[in-house]
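# Summary of the model geometry
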Amino acid sequence: MSGFRFGVLSTGATCGPGGWPAFARRVEDQGWSVLQVPQHFSVPSVPPLPALATAAAATSGLTVGTLVLDNETGHPAVVARDAAWLAAATGGRFELGIGAGWLAADHTMLGHPFREPAERVDRLGEALALIRGCWAGRTSFAGTHYVLEDLPEGAATATPPRLLVGGGGRRVLDLAARHADVVGIAPDMRSGRIGRAAARTTGREQVTAKAARIREVAAARGATVELHMSITGIHDRADTARIDRLADSFGVEPGEVPRLPSVLVGDTAEIADELRRRRDETGVSYLTVNETLLERMAPVVAELAGT
């Protein structure tokens, strides 16, 4: 059974005094495992790779990672090279997270086509093969979507990072199970927007089934993968109005809300007990919260991290 790891996802919006380096040190001092940055061009944010390099330089043991890069916005050989360099420069403390690219606005604002979900997943699958190939020393690649010719030897092989691939649909999760070290179980965002339809793909039964499928596919290649999820909110049991709204969004009874895999309800002890139960049921041991929940989640991190 994997020990708990906890990540905090930050756009740099809540750094406070001392700016980004001081924020990274606070995350490390509180016992968090990973500081993560998303990649969304349509949302104000620090730039992922420069910000993560800065955070790693400001800390001594904190892992830094992307959650996640959008495969549609760069050539995978460039991603492979930059990720390997950053992993080497940080002493192995960089984790590359990448996905198919779900947010339509990130594409249209750059004049890029927002391709159909099936094509985005096809392109991600080819990109993952190319990235792994580059890390293994491959210098050329000829695919349907990507071409690589005569990459200089050693350009992307310095220190291959841990690879996290996230998604919500079966095809992308199968790809993740075949290629990644960490599989992120996310809502199914094929529509390109957040809503009830996406929320209802992360219910208790759905996540349990997805986790079992991921383990099965990973086992076929002789691998054991770490399972990751993002927590969307932490709520008090007494806030019945909020609990009722969540129940409606997820299509469950209010009494089931505390057991939803992407939601936490209760005090520190209750949340810690629930996360242990979820890990036993699904295998999910790596959890990320938004920076706005940093202080609320810190006591849980102190109790569970590494156990």
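Our subject is the structure listed above.
Rules used throughout
Residues numbered from 1 in each chain as written. Predicted model: local features only at pLDDT ≥ 70, side-chain atom pairs only at ≥ 80, totals over all residues. Heavy atoms only, no water. Helix = DSSP H or I, 4+ residues; strand = E, 2+ residues; numbered from the N terminus. Buried < 20%, exposed > 50% of the residue type's maximum accessible area, 1.4 Å probe, protein only. Contact = heavy atoms within 4.5 Å. Areas by Shrake-Rupley, 256 points an atom, 1.4 Å probe, with all protein chains shown as cover. 1 Å grid on protein atoms, 1.4 Å probe; cavity = no way out; pocket = protein on both sides within 12 Å on 5 of 7 lines; lining within 4 Å. Points joined across faces, edges and corners; volume = space filled by probe spheres on them. Nonpolar A, V, L, I, M, F, W, Y, C, P; charged D, E, K, R; others polar. Core = buried A, V, L, I, M, F, W, Y, C linked by side-chain atoms within 4.5 Å. Axes fitted to C-alpha atoms, helices over the stretch in contact; angles between N-to-C directions. Parallel < 35°, antiparallel > 145°, perpendicular 65-115°, else oblique. Polar contact = N/O pair within 3.5 Å; in protein donor to acceptor, adjacent residues only side chain to side chain. Phe/Tyr/Trp six-rings, centres within 6.5 Å; stacked < 30°, edge-to-face > 60°. Lys NZ or Arg CZ within 6 Å of the ring centre and 35° of its normal. Salt bridge = Lys/Arg side-chain N within 4 Å of Asp/Glu carboxyl O. Patch = residues over 30% accessible without salt bridge, like charges linked within 9 Å, V, L, I, M, F, W, Y side chains within 5 Å. Arc of directions from axis to C-beta.

## A short note on the overall build of the protein chain
Along the backbone of the protein chain there are 11 helices and 13 strands. When its C-alpha atoms are laid out on the principal axes, the protein chain stretches across 60 × 40 × 40 Å. Across the 307 residues in the protein chain, those meeting the buried criterion constitute 50%. Of the contacts formed within the protein chain by residues at least 6 apart in sequence, a portion of 71% connects residues at least 24 apart. By element, 53% of the accessible surface of the protein chain is carried by carbon and sulfur atoms, the whole surface being about 13,200 Å².

## Considering the layout of surface pockets
Within this model, the second largest pocket holds a volume of roughly 260 Å³. Forming the walls of the second largest pocket are 20 residues, and the residues nearest its centre are Gln39, Leu49, Leu69, Gly74 and Val79. Breaking the lining of the second largest pocket down by element, the ones donating at least two residues are α2 (48–58), β4 (69–70), α3 (76–89) and β5 (94–99). In terms of residue count, α3 provides more of the lining of the second largest pocket than any other element does, five residues in total. Here the residues of the lining of the second largest pocket are counted per class, giving 13 nonpolar, five polar and two charged.

## Notes on the nonpolar core
Counting residues in hydrophobic clusters, the biggest one holds 75 residues, and the most contacted among them are Phe6, Trp32, Leu35, Trp135, Leu275 and Met297. Among the elements that take part in this core, helix α5 (residues 117–135) stands out by supplying eight residues, more than any other. Apart from residues no more than four positions distant in its own chain, Leu275 is found in contact with Phe4, Phe6, Leu264, Leu287, Met297, Val300 and Leu304. Among the nonpolar cores identified, the runner-up in size contains nine residues, and Ala199, Ile243, Leu246 and Phe250 belong to it.

## Brief notes about the environment of Gly222
Here Gly222 lies in the loop between α8 (204–220) and β10 (226–231). Since its relative accessible area comes to 68%, Gly222 is described here as exposed. In the structure, Gly222 is positioned 44 residues away from Arg178 in sequence and 9.7 Å away in space, judged by C-alpha atoms.

## Side note on the packing of α8 against helix α10 (residues 268–282)
Across the interface, α8 lies against α10 with an axial gap of 9 Å and an inter-helix angle of 50 degrees. Of the possible angle classes, the one that applies to α8 and α10 is oblique. Across the interface between the two elements, Arg204, Val207, Thr208, Ala211 and Arg215 of α8 pack against Arg277, Glu281 and Thr282 of α10. Along the lines of polarity and charge, the residues of the contact of α8 with α10 split into two nonpolar, two polar and four charged.

## Quick word on the side chain of Ser10
Its location among the elements puts Ser10 in the loop between β1 (5–9) and α1 (19–29). Among the polar contacts made by the side chain of Ser10, one reaches the main-chain amide nitrogen of Gly12 at a distance of 2.9 Å.

## Notes on the packing of aromatic side chains
Within the structure shown, the criterion is met by two aromatic pairs. Ring centres of Phe4 and Phe6 lie 5.8 Å apart, and the angle between their planes is 20 degrees; on these two criteria the pair is classed as stacked. Exposure class is identical for Phe4 and Phe6. Each is buried. Between the NZ or CZ atom of Arg5 and the centre of the ring of Tyr286, over which it lies, the distance is 4.0 Å.

## A look at empty space enclosed by the protein
Following the criterion strictly, the structure yields two cavities of 30 Å³ or more and no others. Considering only enclosed or pocket space, the largest cavity measures out at about 100 Å³ in volume. Lining the largest cavity are 13 residues, with Met229, Pro261, Arg278, Thr282 and Val284 sitting closest to its centre. Broken down by secondary-structure element, the contributors of at least two residues to the lining of the largest cavity are α8, α10 and β13 (284–290).

## What to know about the pattern of salt bridges
Scanning the model with the defined rule gives 21 salt bridges in all. The salt bridge partner of Glu72 is Arg123, with a shortest N-O separation of 2.9 Å. Separated by 51 residues along the polypeptide, Glu72 in the loop between β4 and α3 and Arg123 in helix α5 bring together distant segments of the chain. As far as burial versus exposure is concerned, Glu72 and Arg123 are alike and both buried. In this structure, the salt-bridge partner of Arg237 is Glu270, at a minimum N-O distance of 3.1 Å. In this pair, Arg237 is assigned in the loop between β11 (233–235) and α9 (240–250) and Glu270 in helix α10, connecting sequence segments 33 residues apart. Each of the salt bridges in this network shares a partner with another, and the network as a whole consists of Arg204, Arg259, Glu274, Arg277, Arg278 and Glu281.

## Structural notes on a nonpolar patch on the surface
On the surface, Phe41, Met109 and Leu110 cluster together into a nonpolar patch covering about 280 Å² of accessible area. Position of Leu110 among the secondary structure elements: in the loop between α4 (104–108) and α5.

## Some remarks on α2
Along α2, the residues that are buried comprise Pro48, Ala51, Leu52, Ala55, Ala56 and Ala58. Along the axis of α2, the buried residues cluster in a sector spanning 160 degrees; they form a single face. Residues of α2 that are buried in the fold lie against α1, β2 (34–37), β3 (63–66), β4 and β5.

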